[in-house]
Each structure stands twice: as C-alpha cells, then as structure tokens.
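Topology and contacts: notes
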Amino acid sequence: MYYESVLRRMPTELGQPIQYYLDMGDDFIILNNLLGRKIHFSFKKYECLNCGQDLPVFAQGLCKKCYFESPQVGAWVMKPEKSQAHLGIEDRDLAYEQSVQLKPHIVYLAKTSDVKVGVTRKSQIPFRWIDQGADAALPILETPNRYLAGQAEVLIKQHITDKTGWQKMLKGISTDKDLLAIREEVKAYLSKDLINYWLEKPEILSLQYPVLKNPEKVKSINLEKMPDFKGVLSGIKGQYLIFDDGHVLNIRNHSGYVVGVTI
Ligand SMILES: [Zn+2]
C-alpha cells in the first residue's frame, strides 16, 4: 500500500498499550498493526502547515515567515509565564491567545529518565504526556489560565528539570523516583497564592507504549539527509517511530514534510 501526505503530529489514544495513528490526510495508518513490519518513507517536498507553500520547514511544521507571524507559536507557547491574555495584552492575535490561554491549565510531574515538571492545557491530557513518552504523570495544580500555571512552573523548575532526555526515554531508561513524594517536596516551592490551585487528591496515570524492543543506541533520522528510509518498526513512543536497527524518526519534528509511505 502506498500513501502520500504531509506529516503531522501522530494522533494517539489512551489504551494498554497506547494506540498510534499516522495521519495521511484522507487516510489513517494504524501504526500498532505495523510492529515487526517494514515501512518505507520517502521525502517529497515541504508543505507549510499554515500557508501550504513548498518552503523549508523552519520549526513546528511552519515556514520561517509563518513561524514568526503565526499566533500559534508566540513566545508564551514555550514559556507559559509570558502569557498576557489575562491582562488583555496582545502578542500576535489576542482573540486566539484568549481562546488558548484563558482555559484551565495543569501543572504536572512526569516521569521519564528523570522526573520533570511541565504545563499543559487541561484538554491536552493525556496527549501531552504521551507525546513526551512519559511512563507516568501526576497533575499537581489546576489553574484557570496559562499565566498562573507558568508562574508555578518557574518556581518548581529551579529545583526540578523541565526537560525530557529523549535518548534515554527511547532506550527505556526510567527513574525509580516517587512522584507522590516529589509532589510533597515541590509544594514548599510555591507561593501562597499558587497553593490555592493545589490539587488535593490527584491520581497517577501510568502509560504503556507499544515497544517490542528498546534500542541500545539511538540514531536519529533526518529526512532531508536521508530522503529514503526503510526499516522494520519495533516500537512507538512519544512522537517517535523506533526501528529495529536503532534508527528513530521523530514525526512531530518532521511535520510539514510531505512523504510517501509504503507499507
Ligand atoms: Zn508558511
């Protein structure tokens, strides 16, 4: 079977294990069914996810112009504490920023090779955690907007990382730290006004990925440098396809790339 489409973040469904789909425009490929089978990717051209033009992807599936102009990638996306919609201050498009920032947000602890702190819109749970390849996650605060969640994250990340070690995550290296114990520890870092949003009885969500074999060495695929890649799929974790020779393909990093997929 041959498919051709621009790549986008893989949609997922919570399950035992998590279900992964490859969005091929009019079709979806159920990736869990392809474990142990050969897949062939061929890079055709670019298609900016905003303007649709065949221009090199700068970041997040967008060409350079769209990246610096689109309201979807303002500074507040990566740095929630820079959110200003709650003050009525526009970054790139106030209506859009209000529609995203003024929604319930969750500050969470997630477990991969270490325990990290992060912020996400409540509606993105559990997808945000799946995209990070977290083994487990625990919400700790629920705030009414992105700014407050960002304030809490700034205080907590002075003590706990906010990064995911993606190579270790793909190798299946986990930490044995206890999320509930770390939750108690970080409470002391929060200011009084933020404690108002503390979740009293949060539940840990454990996540199980469809991985037959963890790679010992991880070799990242860049479709610009390897426009033709064939491999046997041995796992899916985070937004990565893992192949049995240790190559990994980060689908989200290749969003905006038009590829042919033969299965
Ligand atoms: Zn564009």
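Here is a short report on the structure shown in this document.

Definitions and limits used
Residue positions are counted from 1 within each chain, in the order its sequence is given. With pLDDT at 70 or above as the cut-off, local features in this predicted model cover only qualifying residues; side-chain atom pairs require 80 or more to be listed or tallied, and sums for whole chains, interfaces and linings still use all residues. Working from all heavy atoms in the structure, the side-chain values ignore hydrogens and water. For Na, K and Ca the donor cut-off is 3.2 Å, while for other metals it is 2.8 Å, and in both cases only N, O and S atoms qualify; water is not among them, so sites may look incomplete. Note on ring pairs: Phe, Tyr and Trp rings are taken, using the six-membered ring of Trp, and paired if centres are within 6.5 Å. Classes follow the plane angle, with under 30 degrees stacked, over 60 edge-to-face and the rest tilted. Here a strand is any run of E in DSSP of at least two residues, a helix any run of H or I of at least four, and the numbering for each starts at the N terminus. Burial classes follow relative accessibility: with a 1.4 Å probe on protein chains only, a residue under 20% of its type's maximum area counts as buried, one over 50% as exposed, and anything between as partly exposed.

**Concerning the coordination of the zinc ion**
Those donors, Cys48 (SG), Cys51 (SG), Cys63 (SG) and Cys66 (SG), are the protein atoms that reach the zinc ion, and they lie 2.3 to 2.4 Å from it. Look at where the donors of the zinc ion fall in the sequence and you get C-x2-C-x11-C-x2-C.

**Some remarks on the packing of aromatic side chains**
Within this structure, the stated rule accounts for 11 aromatic pairs. Relative to Tyr257, the ring of Phe43 lies with its centre 5.1 Å away and its plane at 45°, an arrangement referred to as tilted. Of the two residues, Phe43 sits in strand E5 (residues 38-46) while Tyr257 sits in strand E14 (residues 257-262), which places them 214 residues apart along the sequence. Each member of the pair Phe43 and Tyr257 is classed as buried. Ring plane angle 70° and centroid distance 5.4 Å describe the contact between Tyr46 and Tyr257, whose orientation is recorded as edge-to-face. Of this pair, Tyr46 sits in strand E5 while Tyr257 sits in strand E14, and the two are 211 residues apart along the sequence. You'll find Tyr46 and Tyr257 in the same group, each marked buried.

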